Amino acid sequence: MPKAFFVEDIRWAMFPLWLRYRTGGSRGIKRDYFVWPFFSLKYDEDKTRWALWPLYGTKKEPDFESRFVLWPIWNDRTFTAPNHQGTGVMLWPLFERVNTNTEQSYGLLPPFFRYTSTTSDARLLRCPWPLFERYTDPKESTWKFWRIWGMTHRGSRDGWWFLHPIMVKKQQKTVNLYTRSFRFWPFYTNEVAYGYDRR
């Protein structure tokens, strides 16, 4: 069968004992399944993957190698890119850990509890997501308590909200302009701008 359902070059024998198809054109990705969908092999010029799903599987790409055991319970990954090297593991649903030359991250009951720090001085804390989030970096500082309350500072901009998007206040101060807006939807909206000369 030449093409059907977004895949090409479909072949099979005594399905589901053996199935092969390709995606992405003549230079795309090939997939072989044996006793579909349990044992699979995926390959192209740069990537390869095989799996006896859900017992064990591996995947290799130019920037990382990954593996699962009893998917989704255990997953691990090795990052090999020149600017991003290290490891990451997850024992679902209990914990996750990322340790690379650019990032340190710890998680409990992912994605609900997580702390991340980077070499660019960024910090992220979620406890628990999506109720509470705290983020900082050299240019930004943000607090979020779900949609109930939050405030942020990002460069020349500041703001806060309550019961977003019902009550929102924003302000920005640049070299020659100060703007401020306040909204209490659907009853009130106000926006002002002041120009000034700082010479």
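Placed above this text is the structure.
Attention in this report is confined to the structure presented alongside it. Note that the structure is a prediction, hence the values are computed from the model and not measured. Here, residues in each chain are numbered from 1, in the same order as that chain's written sequence. Totals for whole chains, interfaces and linings use every residue, but because this is a predicted model, local features are given only for residues with pLDDT of at least 70 and side-chain atom pairs only at 80 or more, for both listing and counting. Excluded from the side-chain calculation are hydrogens and water; included are all heavy atoms of the structure.

### Details of the overall build of the protein
Only DSSP runs of H or I covering at least 4 residues are called helices, and only runs of E covering at least 2 are called strands; the numbering of each starts at the N terminus. Scanning the protein from N- to C-terminus turns up zero helices and 21 strands. The burial tally for the protein puts 24% of its 199 residues in the buried class. For the protein, the proportion of contacts with a sequence separation of at least 24, taken over those separated by at least 6, is 0%. The protein chains shown are the only cover counted for residues, whose accessible areas, like all others here, come from Shrake-Rupley with a 1.4 Å probe. Accessible surface for the protein amounts to roughly 14000 Å². Of this, 63% is attributable to carbon and sulfur atoms. Each residue's exposure class comes from its accessible area (1.4 Å probe, protein chains only) as a fraction of the maximum for that residue type: buried when under 20%, exposed when over 50%, partly exposed otherwise. We call two residues contacting when some pair of their heavy atoms lies within 4.5 Å.

### Here's the deal with the side chain of Glu 61
Relative to the elements of secondary structure, Glu 61 occurs in strand E7 (residues 56-61). For Glu 61, a relative accessible area of 18% translates into the label buried.

### Describing unusual backbone geometry
In the segment running from Trp 36 into Pro 37, the intervening peptide bond is cis, with an omega of 0°. Relative to the elements of secondary structure, Pro 37 occurs in the loop between strand E4 (29-34) and strand E5 (39-43). Between Cys 127 and Pro 128 the backbone carries a cis peptide bond, its omega angle lying at -10°. With respect to the helices, strands and loops of the structure, Pro 128 is situated in the loop between strand E14 (123-126) and strand E15 (132-137). Positioned with a positive phi, Asp 121 is a non-glycine residue whose angle comes to about 65°. Of note, the phi angle at Leu 163 is positive, near 50°, even though the residue is not glycine. With respect to the element layout, Leu 163 can be found in the loop between strand E18 (157-162) and strand E19 (167-173). Its relative accessible area of 37% is what places Leu 163 among the partly exposed residues.

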